[in-house]
Amino acid sequence: MRKILTIVGIVLGAGVVPLAAQEPSVEDVLIELERGWNDAVYRQDADYVDSLLAEEFVVTYDDGTRADRTRELELIAGFNQAVESATQENFTVRVYGETAVVWFTLRLAGYRQGELIEIVMNYTDVWVMRDGRWQCVSAQSTRVREP
């Protein structure tokens, strides 16, 4: 009887994949890339962000101006704002084959001229799978005005 239970246990256990061996979902990977990008800005880590951006990357900032990859990396390398907190939330990820769109909200808090200010931004980023990795080809930020 013990031998039968052992065999049944082996057969049943063969279909179970350990949690650590499971691959993260595309959605989870993209959210982690977004979080890494955000963190890299505050560390002025333009090299990390460079690894995420496609050569043809274009960004539209909240004031309506556009910039290319080179300008985005320059801004990150020179970032010098006093950010007390930066929280990304409300992620929505849609995957369309080798392309994905990520929407999220970024809540920033920091001091300007001695006064604590809070800013809320909505982002839309477009990613493509290329050369075995996700690359961002476009980003758009919109400042949310308080009602």
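Caption draft 1: Quick look at helix α4 (residues 69-77). Taken as a whole, α4 has its buried residues at R69, E72, L73 and I76. Taken end-on, α4 shows its buried residues confined to a sector of 95°, consistent with a single buried face. Check the buried side of α4 and you find it contacts α2 (26-43), α3 (46-50), β1 (53-60) and β2 (66-68). A distance of 3.3 Å separates the backbone nitrogen of T70 from a side-chain oxygen at the start of α4, and that oxygen is part of D68.

Caption draft 2: Structural context of the pairing of strand β6 (residues 133-143). Bridge count between β1 and β6: four bridges; the pairing is parallel. What sits directly across from T60, in β6, is Q140. Relative to β6, strand β5 (residues 115-130) runs antiparallel, the two sharing ten bridges. For W127, the partnering residue across the bridge sits in β6 and is C136.

Caption draft 3: Fine view of the confidence of the model for the protein. Of the residues in the protein, 86% reach a pLDDT of 70 or more, and the chain-wide mean stands at 88. Confidence, read as mean pLDDT per element, is least for helix α1 (residues 2-14) in the protein (43) and greatest for β1 (98). Overall, residues 1-14 carries pLDDT values under 50, and its contacts beyond four positions in sequence, including any with other chains, amount to zero contacts.

Caption draft 4: Structural context of the pattern of salt bridges. Under the criterion given, the structure shown has six salt bridges. Between D50 and R69 there is a salt bridge; the shortest N-O distance is 2.2 Å. Pair noted here: D50 is in helix α3 and R69 is in helix α4, with a separation of 19 residues, a long-range link. The shortest N-O distance in the salt bridge between E56 and R130 comes to 2.8 Å. Separated by 74 residues along the polypeptide, E56 in strand β1 and R130 in strand β5 bring together distant segments of the chain. Among the residues examined, R130 registers a relative accessible area of 30% and is labelled partly exposed. Salt bridges sharing common partners tie together D50, E55 and R69.

What counts, and where the lines are drawn
Residues numbered from 1 in each chain as written. Predicted model: local features only at pLDDT ≥ 70, side-chain atom pairs only at ≥ 80, totals over all residues. Heavy atoms only, no water. Buried < 20%, exposed > 50% of the residue type's maximum accessible area, 1.4 Å probe, protein only. Helix = DSSP H or I, 4+ residues; strand = E, 2+ residues; numbered from the N terminus. Arc of directions from axis to C-beta. Contact = heavy atoms within 4.5 Å. Polar contact = N/O pair within 3.5 Å; in protein donor to acceptor, adjacent residues only side chain to side chain. Pairing = 2+ DSSP bridges. pLDDT = per-residue confidence, 0-100. Salt bridge = Lys/Arg side-chain N within 4 Å of Asp/Glu carboxyl O.

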